[in-house]
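Spelled out from the first residue to the last, the chains are:
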Amino acid sequence: MRIFEMRVLTRKFSAALLLGFLLVFSAGMSFGDARADGFQRIKTQAEFLSLVGKSDLKNLGVTLQVRPNGSIRGNAFGRSVTGAWTWKDGYFCRSMSWGSTEFKLNCQTVGLMANTLRFTADQGKGDTADLRIR
């Protein structure tokens, strides 16, 4: 395989990986409830803020800040991520943008295991995204 072809495949793979991650965090990778695999459900906004208040949330190519003022900021594979969040009835509810792509409001369960948060879309019934607290 020529170098040019390898670069094209690498870019396509990176783009697909990013889109998959953003869909998970924004709308929903499916494996059910936040308690699965040893994750303990975060039930209150105070618990959630004690974990993310001044930390970054990271995964491959993604760095996000979820701030107490209700904002989401960061970058994912070279594009800006912005959004807003609230805590409602035990769920993390957020809307986000990645570059020019908009992700509608989705309320998610949040689980914690060690230094990893698991966000599960659709009130705990959808896809999941794991982000390390740094």
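This report concerns the structure included in the present document. These numbers come from a predicted model, not from an experiment.

A word on the state of the cysteines. In total, this model carries one disulfide according to the counting rule given. One disulfide in the model links C93 with C107; its S-S distance is 2.0 Å. Taking the torsion about the sulfur-sulfur bond, which here is approximately 115°, the covalent link between C93 and C107 counts as right-handed. Of this pair, C93 sits in strand 6 (residues 91-98) while C107 sits in strand 7 (residues 101-113), placing them 14 residues apart in sequence. Given the relative accessible area of 3%, C93 is considered buried.

With respect to the helices, strands and loops of the structure, R94 is situated in strand 6. Although R94 is buried, it makes no salt bridge; D122 carries the closest opposite charge, 7.4 Å away. A polar contact is formed between the side chain of R94 and the backbone oxygen of K104, at a distance of 2.7 Å.

The rules behind these values
- Residues numbered from 1 in each chain as written.
- Predicted model: local features only at pLDDT ≥ 70, side-chain atom pairs only at ≥ 80, totals over all residues.
- Heavy atoms only, no water.
- Disulfide = S-S within 2.5 Å.
- Helix = DSSP H or I, 4+ residues; strand = E, 2+ residues; numbered from the N terminus.
- Buried < 20%, exposed > 50% of the residue type's maximum accessible area, 1.4 Å probe, protein only.
- Lys, Arg positive; Asp, Glu negative; His and termini not counted.
- Salt bridge = Lys/Arg side-chain N within 4 Å of Asp/Glu carboxyl O.
- Polar contact = N/O pair within 3.5 Å; in protein donor to acceptor, adjacent residues only side chain to side chain.

Taken by themselves, the reported measurements are silent on function.
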